[in-house]
Amino acid sequence: MGKQKKARKYAVMKRMISLRDERINEKERAKPPPKKKKDDPSAIKEREVPQHPSCLFFQYNTQLGPPYHILVDTNFINFSIKAKLDLVQSMMDCLYAKCIPCITDCVMAEIEKLGQRYRVALRIAKDPRFERLPCMHKGTYADDCLVQRVTQHKCYIVATVDKELKRRIRKIPGVPIMYISRHRYNIERMPDDYGAPRF
């Protein structure tokens, strides 16, 4: 018979004395955790429920109305250039009302970062007809900025072609999405009384 192989012990640590051990000086000894009170089954349970905005009436958002404020995303401008669409005019054709395209500092920074190839998009974004919205948060991630702004203020329509951003905005009630299809602008989740019919 060969030598008996000893099983190797992995992650073996030196045994340390517990901070609550009675051998430790009373001043340095850790206090035992406070005892948890048993939940009273007859007590009324409180839970945190998010406050819904008063502007939402079932699926209708009463804050939406002409002139429409439309938050524009970077890729929406780029796709509009590719489809040879004039942003303000096409928005008005879609909604049959006055539209004010709004651009946040984050979206502007994103277009500037894209460099020389997107200089046309930058020139369009600096159009005086566009309303500039200042950002107070850190970082320049445009998607988070748009979602946060739309969650706080339900008076915007979001113009985007980005699937991920669309998916995030669909979870927020009462926020319509403008997108490009068949070389024209379309609107999603807009009451029929307000917007153009979907094609």
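One can find the structure itself at the top, above this paragraph.
Overview of the structure.

Reading guide: rules and limits
Residues numbered from 1 in each chain as written. Predicted model: local features only at pLDDT ≥ 70, side-chain atom pairs only at ≥ 80, totals over all residues. Heavy atoms only, no water. Helix = DSSP H or I, 4+ residues; strand = E, 2+ residues; numbered from the N terminus. Buried < 20%, exposed > 50% of the residue type's maximum accessible area, 1.4 Å probe, protein only. Contact = heavy atoms within 4.5 Å. Pairing = 2+ DSSP bridges. Axes fitted to C-alpha atoms, helices over the stretch in contact; angles between N-to-C directions. Parallel < 35°, antiparallel > 145°, perpendicular 65-115°, else oblique. Left-handed = near helix turned anticlockwise from the far one by under 90°. Nonpolar A, V, L, I, M, F, W, Y, C, P; charged D, E, K, R; others polar. Phe/Tyr/Trp six-rings, centres within 6.5 Å; stacked < 30°, edge-to-face > 60°. Lys NZ or Arg CZ within 6 Å of the ring centre and 35° of its normal. Salt bridge = Lys/Arg side-chain N within 4 Å of Asp/Glu carboxyl O.

## Quick look at the environment of Pro 176
No. 1: You can see Pro 176 is positioned in the loop between helix H6 (163-170) and strand S7 (177-181).
No. 2: A relative accessible area of 0% places Pro 176 in the buried class.
No. 3: Between the alpha carbons of Pro 176 and Cys 155 there is a distance of 9.8 Å; along the sequence they are 21 residues apart.
No. 4: Beyond its immediate chain neighbours, meaning those up to four positions away, Pro 176 contacts Leu 64, Tyr 156, Ile 157, Val 158, Ile 187, Glu 188, Arg 189 and Met 190.

## Regarding the pairing of strand S8 (residues 184-188)
Regular strands place their side chains on alternate faces of the sheet.
No. 1: Counting buried positions along S8 yields four of five residues, so the element is predominantly enclosed.
No. 2: In this sheet, S8 lies alongside S7 in antiparallel orientation, the contact comprising five bridges. Note that in S8 the partner of Ile 180 across the bridge is Tyr 185.
No. 3: Hairpin connection between S7 and S8: a loop of two residues separates the two successive antiparallel strands, and Arg 182 in this loop has a positive phi of roughly 55 degrees.

## Considerations on the packing of helix H3 (residues 105-113) against helix H5 (residues 142-152)
No. 1: It is at 8 Å that the axes of H3 and H5 come closest, and there the two elements cross at 165 degrees. As the angle between them shows, H3 and H5 are arranged roughly antiparallel. The crossing of H3 and H5 is left-handed. Residue-level contacts link Cys 106, Val 107 and Glu 110 of H3 to Ala 142, Cys 145 and Leu 146 of H5.
No. 2: For the contact of H3 with H5, the residue count by class is five nonpolar, no polar and one charged.

## Overview of the packing of aromatic side chains
No. 1: Scanning the entire structure with this criterion turns up one aromatic pair.
No. 2: Between Phe 76 and Tyr 185 the ring centres are 4.8 Å apart and the planes differ by 45 degrees, which places this aromatic pair in the tilted class. Residue Phe 76 is found in helix H1 (residues 74-82), and its partner Tyr 185 is found in strand S8; the two are separated by 109 residues along the sequence. Pair check on accessibility: Phe 76 and Tyr 185 agree, each one buried.
No. 3: Across the ring face of Phe 79, the terminal group of Lys 82 is positioned such that the distance to the ring centre comes to 5.1 Å.

## Description of the pattern of salt bridges
No. 1: Taken as a whole and assessed by the stated rule, the structure comprises seven salt bridges.
No. 2: Between Asp 21 and Arg 23 there is a salt bridge, and its shortest N-O distance comes to 3.0 Å.
No. 3: Among the residues examined, Asp 21 registers a relative accessible area of 19% and is labelled buried.
No. 4: For the salt bridge of Asp 86 with Arg 129, the shortest nitrogen-to-oxygen distance reads 3.9 Å. With Asp 86 in the loop between H1 and helix H2 (87-95) and Arg 129 in the loop between helix H4 (119-125) and strand S5 (131-133), the pair connects residues that are 43 residues apart, well separated along the chain.
No. 5: On the basis of relative accessibility, which here comes to 40%, the residue Asp 86 falls in the partly exposed class.

## Observations regarding the sheet that holds strand S4 (residues 99-104)
No. 1: Taking strand neighbours across the sheet as the criterion, the six strands line up as S5-S4-S3-S6-S7-S8 in an open arrangement whose pairing is mixed. Each edge of the open sheet is held by one strand with a lone partner, namely S5 and S8. Averaged over all pairs of adjacent strands, the angle between their axes in this sheet comes to 35 degrees, without regard to strand direction.
No. 2: Relative to S4, strand S3 (residues 68-72) runs parallel, the two sharing four bridges. Paired with Tyr 68 across the strands is Cys 99, a residue of S4.
No. 3: Its contacts with the sheet place H1 against S3, S4, strand S6 (156-159), S7 and S8, and it is angled at close to 30 degrees to S7.
No. 4: Helix-sheet contacts for H3 involve S3, S4 and S5, and the interaxial angle to S4 is about 70 degrees.

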